[in-house]
Amino acid sequence: MAGQSPLSTLPAGPFRFIALDVETASRDSASICQIGIACVRSDNHIETFTTYVNPEQSFAPFNTELHGISAETVATAPSFPEAWGQLKPLLQLHHLVQHSGFDSKAISAACRAYRLPNADLSWSDSVKIARRAWPEFKGNGGHGLANLKRQLGLSFRHHDAGEDARAAAEVVLLAEGQLGQSFDRISGTARKAQFSLPLQLP
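Residue numbers here run from 1 along each chain, matching the order of that chain's written sequence. The predicted nature of this model means local features are confined to residues of pLDDT at least 70 and side-chain atom pairs, given and counted, to a pLDDT of 80 or more, with totals for whole chains, interfaces and linings taken over all residues. To obtain the side-chain values, all non-hydrogen atoms of the structure were included, while hydrogens and water were left out.

K.L.:
Looking at this model, I keep getting lost on the nonpolar core. Mind explaining?
P.N.:
In globular proteins that are soluble, nonpolar side chains generally tend to be buried together. Ranked by size, the top nonpolar core spans 25 residues in total, and within it Phe17, Ala19, Val97, Trp134, Ala169 and Val171 carry the most contacts. Strands here are runs of E lasting at least two residues and helices are runs of H or I lasting at least four, both read from the DSSP assignment and numbered beginning at the N terminus. Of all the secondary structure elements, the ones that give two or more residues to this core are strand S1 (17–24), strand S2 (32–40), helix H4 (126–133), helix H5 (145–152), helix H6 (161–179) and helix H7 (183–186). The dominant element in this core, judged by the number of residues it contributes, is H6, at eight residues. Whether two residues are in contact is decided by their heavy atoms, any of which lying within 4.5 Å being enough. Other than its neighbours up to four places away in sequence, Val171 contacts Ser126, Ala130, Trp134, Leu145, Leu148, Leu152 and Leu154. The next biggest cluster of nonpolar side chains, apart from the first, holds 23 residues, and it includes Ile35, Val53, Cys111 and Leu121. Take the buried Ala, Val, Leu, Ile, Met, Phe, Trp, Tyr and Cys residues and link them wherever side-chain atoms come within 4.5 Å; each set so joined is a nonpolar core. We call a residue buried when its accessible area falls under 20% of the maximum for its residue type, exposed when it is over 50%, and partly exposed in between, using a 1.4 Å probe and counting protein chains only.

Below you can see the structure in the form of structure tokens.
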């Protein structure tokens, strides 16, 4: 696994949008053990940030085998309230992208588990965006990240939160070019972030 960045090194915005991915310790969606974000600047340059999170609960062998993260890996990592307290101010200023609906559900579940107020976040789903951009993938591998990696020539390490977040951001950027439309048009959300940066199509 790649080294994790300390929370003090969070990228500084504003950004066009931010993709977010989480990994969990078990089937409990609140058991977040890694958070990755991919921040897309006005020139489409992507800055990634990843942190381990101590879920303060047991790891399931299946999950550890999937992503390689164990209780030992996160022994000195921040708890979710600590990590979320530093991430939330940046995230709530931007449109967020997740690949499927799992990540927003996990964040909400973790907030409930720790009795934290749920963040008022604006989410878009890069699966839905990919379906619009490449309808031909339906029945031909689908629109999961693994198939999009093959079909679109993406290069990333699946089941690492930072890598998966970057891949979701790249899917959105490629979809903008494919559809000839900006993120605001294809994101499927009516809410506007505080910062609105100009589109630069590839």
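K.L.:
For this particular structure, what's the right way to read the pairing of strand S3 (residues 46–52)?
P.N.:
Across a regular strand the side chains alternate sides, sitting on one face of the sheet and then on the other. With respect to burial, S3 is a largely interior element, five of its seven residues being buried. When DSSP finds two or more bridges between a pair of strands, those strands are recorded as paired. Once S2 ends, the chain turns through five residues before running back antiparallel as S3, passing Asn44 with a positive phi of about 70°.

K.L.:
I keep staring at the pairing of S2 and nothing clicks. Help me out?
P.N.:
When you tally the buried positions in S2, you get nine out of nine residues, the bulk of the element. Here eight bridges tie S1 to S2, and the two strands are oriented antiparallel to one another. Bridged to Asp21 within S2 is Gly36. As paired strands, S2 and S3 are joined by seven bridges and run antiparallel to one another. Of the residues in S3, the one forming a bridge with Cys39 is Glu47.

K.L.:
I'm lost on the sheet that holds S3 in this one. Help?
P.N.:
Strand pairing in a sheet takes place through backbone hydrogen bonds and is either antiparallel or parallel in direction. Taken in spatial order, the five strands of this open sheet run S3-S2-S1-S4-S5, and their pairing is mixed. The open sheet has two edge strands with one neighbour each: S3 and strand S5 (122–125). Shown here is a sheet whose adjacent strand axes are inclined to one another by a mean of 25°, direction ignored. Bridge count for S1 against strand S4 (residues 95–98) is two bridges, and the pairing is parallel. Within S4, the position partnered with Ala19 by the bridge is Val97. Axis definition: a line fitted to C-alpha atoms, over the contacting stretch in the case of helices. Angles run 0 to 180 degrees between N-to-C directions. Helix H3 (residues 102–113) rests against S1, S2, S4 and S5 of the sheet, and its axis sits at about 70° to S1.

K.L.:
Teacher, can you tell me more about the packing of aromatic side chains here?
P.N.:
How two aromatic rings sit relative to each other is set out by the distance from centre to centre and by the angle between their planes. Whether two aromatic rings pair depends on their centres lying within 6.5 Å, for rings of Phe, Tyr and Trp, where Trp uses its six-membered ring; planes under 30 degrees apart make the pair stacked, over 60 edge-to-face, and the rest tilted. Counting across every chain of the model gives four aromatic pairs. Here Phe17 and Phe183 contribute two aromatic rings whose centre-to-centre distance is 4.5 Å and whose plane-to-plane angle is 25°, an arrangement assigned as stacked. Of this pair, Phe17 sits in strand S1 while Phe183 sits in helix H7, and the two are 166 residues apart along the sequence. With 6.1 Å between their ring centres and 10° between their planes, Trp134 and Phe137 make a pair best called stacked. Each member of the pair Trp134 and Phe137 is classed as buried. Aromatic rings pair up to connect Phe80, Trp84 and Tyr114 into one cluster.

K.L.:
So what exactly am I meant to see when it comes to H5 here?
P.N.:
Structurally, the α-helix is built with 3.6 residues per turn, so residues lying three or four positions apart point the same way. Of all the residues in H5, the buried ones are Leu145, Asn147 and Leu148. Mapping the buried residues of H5 onto a view down its axis gives an arc of 155°, with all of them on the same face. In this structure, the buried side of H5 is in contact with H4 and H6. Looking one or two residues beyond H5, the residue adopting positive phi is Gly153, at roughly 70°. By construction, the arc corresponds to the directions joining the helix axis to the C-beta atoms.

K.L.:
Would you take a moment to explain the side chain of His143 for this structure?
P.N.:
By secondary structure assignment, the location of His143 is in the loop between H4 and H5. One polar contact links the side chain of His143 to the main-chain carbonyl oxygen of Trp134, over a distance of 2.8 Å. Polar contacts, as counted here, are pairs of nitrogen or oxygen atoms within 3.5 Å of one another; within protein the pair requires one atom able to donate a hydrogen and one able to accept it, and residues that are adjacent in sequence qualify only if both atoms are side-chain atoms.

K.L.:
Whenever I open this one, the pattern of salt bridges confuses me. Can you help?
P.N.:
Pairing between side chains of opposite charge can happen when the charged atoms of each approach one another. Every case where a carboxyl oxygen of Asp or Glu lies within 4 Å of a side-chain nitrogen of Lys or Arg is listed as a salt bridge. Scanning the entire structure with this criterion turns up four salt bridges. In this structure, the salt-bridge partner of Glu47 is Arg41, at a minimum N-O distance of 2.5 Å. On the basis of relative accessible area, Glu47 is assigned to the partly exposed category, the value being 23%. Judged by relative accessible area, which is 23%, Arg41 ranks as partly exposed. Its salt-bridge partner being Glu170, residue Arg166 comes within 3.1 Å of it at the nearest N-O pair. Of this pair, Arg166 and Glu170 both sit in helix H6, four residues apart, which is roughly one turn of the helix. Three or more residues joined by partner-sharing salt bridges are found here, namely Glu163, Arg166 and Glu170.

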